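Notes for the structure review
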Amino acid sequence: MMDTRLSLALEAGHVSLPEAGEIVVLGAAGQSLAGLPRERLLVVCDDVVAARSYEAQGYAVRTELPDAAAGAVVMVPRGRLEGRVLFAHAARLTGGAIVVDGVKTDGIDSHYKELRKRGACSAAYSKAHGKIFSCTVAPDALADWRDAGAGGENLEGFFTVPGVFSADKADEGSRLLRAVLPEKLGKEVADLGAGWGYLAQSILEREAVETLHLVEASHAALGCAKRNIGDERAQFHWADATCWQPRASLDSVVMNPPFHTGRKGVPALGQAFIVAAAAALKGVGHLYMVANRHLPYEEVLRANFAFVEELEGGNSRFKLFHAAKPPRKR
Ligand SMILES: C[S@@+](CC[C@H](N)C(=O)[O-])C[C@H]1O[C@@H](n2cnc3c(N)ncnc32)[C@H](O)[C@@H]1O
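Counting restarts for each chain: residues are numbered from 1 in the order of the written sequence. For this predicted model, a pLDDT threshold of at least 70 governs which residues receive local features, and a threshold of 80 or more governs which side-chain atom pairs are given and counted, while totals over whole chains, interfaces and linings are taken from all residues.

1. A word on the environment of T242
Here a strand is any run of E in DSSP of at least two residues, a helix any run of H or I of at least four, and the numbering for each starts at the N terminus. Along the polypeptide, T242 turns up in the loop between β13 (234-238) and β14 (250-255). Between the alpha carbons of T242 and A279 there is a distance of 9.9 Å; along the sequence they are 37 residues apart. Discounting residues that sit within four places of it in the chain, T242 has contacts with A272, F273 and A276. Think of it this way: build a C-beta for each residue from its backbone, and any pair within 7 Å is a contact.

2. Observations concerning the domain arrangement of the protein chain
By convention here, the domain bounds are inherited from an automatic or database domain assignment. Along its sequence, the protein chain is organised into domain 1 (5-148) and domain 2 (152-329). The C-alpha-based centres of domain 1 and domain 2 are spaced at 32 Å. With 14 residues of domain 1 at the contact, the number on the domain 2 side is 11 residues. By residue number, the principal contributor to the side of domain 1 that touches domain 2 is helix α3 (residues 80-94), which donates 3 residues.

3. Digging into the site of the ligand
The criterion for a residue being near a molecule or strand is simple: its C-beta atom, placed using the backbone, must lie within 6 Å of it. Residues in contact with the ligand amount to 20 residues; listed here are only the nearest, S174, G193, G195, A217 and A241. Looking at the shell around the ligand, the elements with two or more residues in it are α7 (198-203) and β12 (211-216). Note on residue categories: nonpolar means Ala, Val, Leu, Ile, Met, Phe, Trp, Tyr, Cys or Pro, charged means Asp, Glu, Lys or Arg, and polar means any other residue, Gly included. Tallied by class, residues from the shell around the ligand come to 10 nonpolar, 7 polar and 3 charged.

4. Things to note about the pairing of β14
The burial criterion counts other C-beta atoms lying within 10 Å of a residue's C-beta, which is placed from the backbone; the residue is buried at 20 or more, exposed at 12 or fewer, and partly exposed between these limits. Of all 6 residues that make up β14, 6 are buried, and the element is covered over most of its length. Two strands are counted as paired when DSSP detects at least two bridges linking them. Of the strand pairs in this sheet, strand β11 (residues 188-192) and β14 are connected by 4 bridges, and their pairing is parallel. Among the inter-strand pairings, D191 is bridged to a residue of β14, identified as V254. Where β14 lies against strand β17 (residues 281-292), 5 bridges are found, and the strand directions are parallel. Residue pairing across strands places L250 opposite L281, the latter belonging to β17.

And the structure:
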């Protein structure tokens, strides 16, 4: 078993969990849960890739919060607001006792300071560029943080919640892509990594589109998209776009692919989206995508499509691509 900050802190008694009853884990995005009692854990997981991985390891996983729990462990996510929302849920579920684990780059120090103002926190155990501590707060002492997590309308009038990509307003790259999408996208279309539905809404303005698949890994983002896209041609998939395949091959794929896992830049993720798009398209299908200019996508595009062009309409930060004819299908 690999030692983690969590497993070491539990073993040494720096933090403790109730002896009986269900322990809810919030915010886990693939981290090791070693040291926690597997048979008593419920992992509430937003990301489908992490969820499937925890399931494969034998953990009980779901996307919705339970009504109550004996204990809770919050694995601090990247976003400050998102973290606060998880603390508030954890406090309400357990009646106030939570264990908080996170790394410095995700703001664990400022969370620790804030939580100490709201309740009683143990001394923090520091290890591996992070901290872990226990905190006892009244169940409703963080209700204002929980309310902030309910979400609301962003600048474009779309419903979003804290933590989803570009929650406050549409991403600049997505705006540029939206502006160059052609009128004709065909009948069967997919938006890979659809987020809260900004590109999807624009795609569905085209009457000829018969089906739009919104494929998204974040359950919260997909939930927002469901609220934002009230169109029966839309089909929503909580799925890993790099593995997802449509039943019938597609006429077009539109995407602003992710290139991060947490804070780590992972161009291979965007490259895997390109491969998946090529596999999902008909031999005469088209891909429209935007990418940050520094990302190395050209080679993968050329390896997977016979025709690749950079479209006008990009800028110094973003490039726009149109690719067509996945070769192995011609
Ligand atoms: C750059 S954002 C684009 C979101 C949206 N299309 C837009 O334009 O606002 C990339 C999206 O891909 C999602 N994502 C990340 N990894 C994914 C995966 N393996 N499968 C599906 N979606 C994924 C992220 O949650 C995020 O919503």
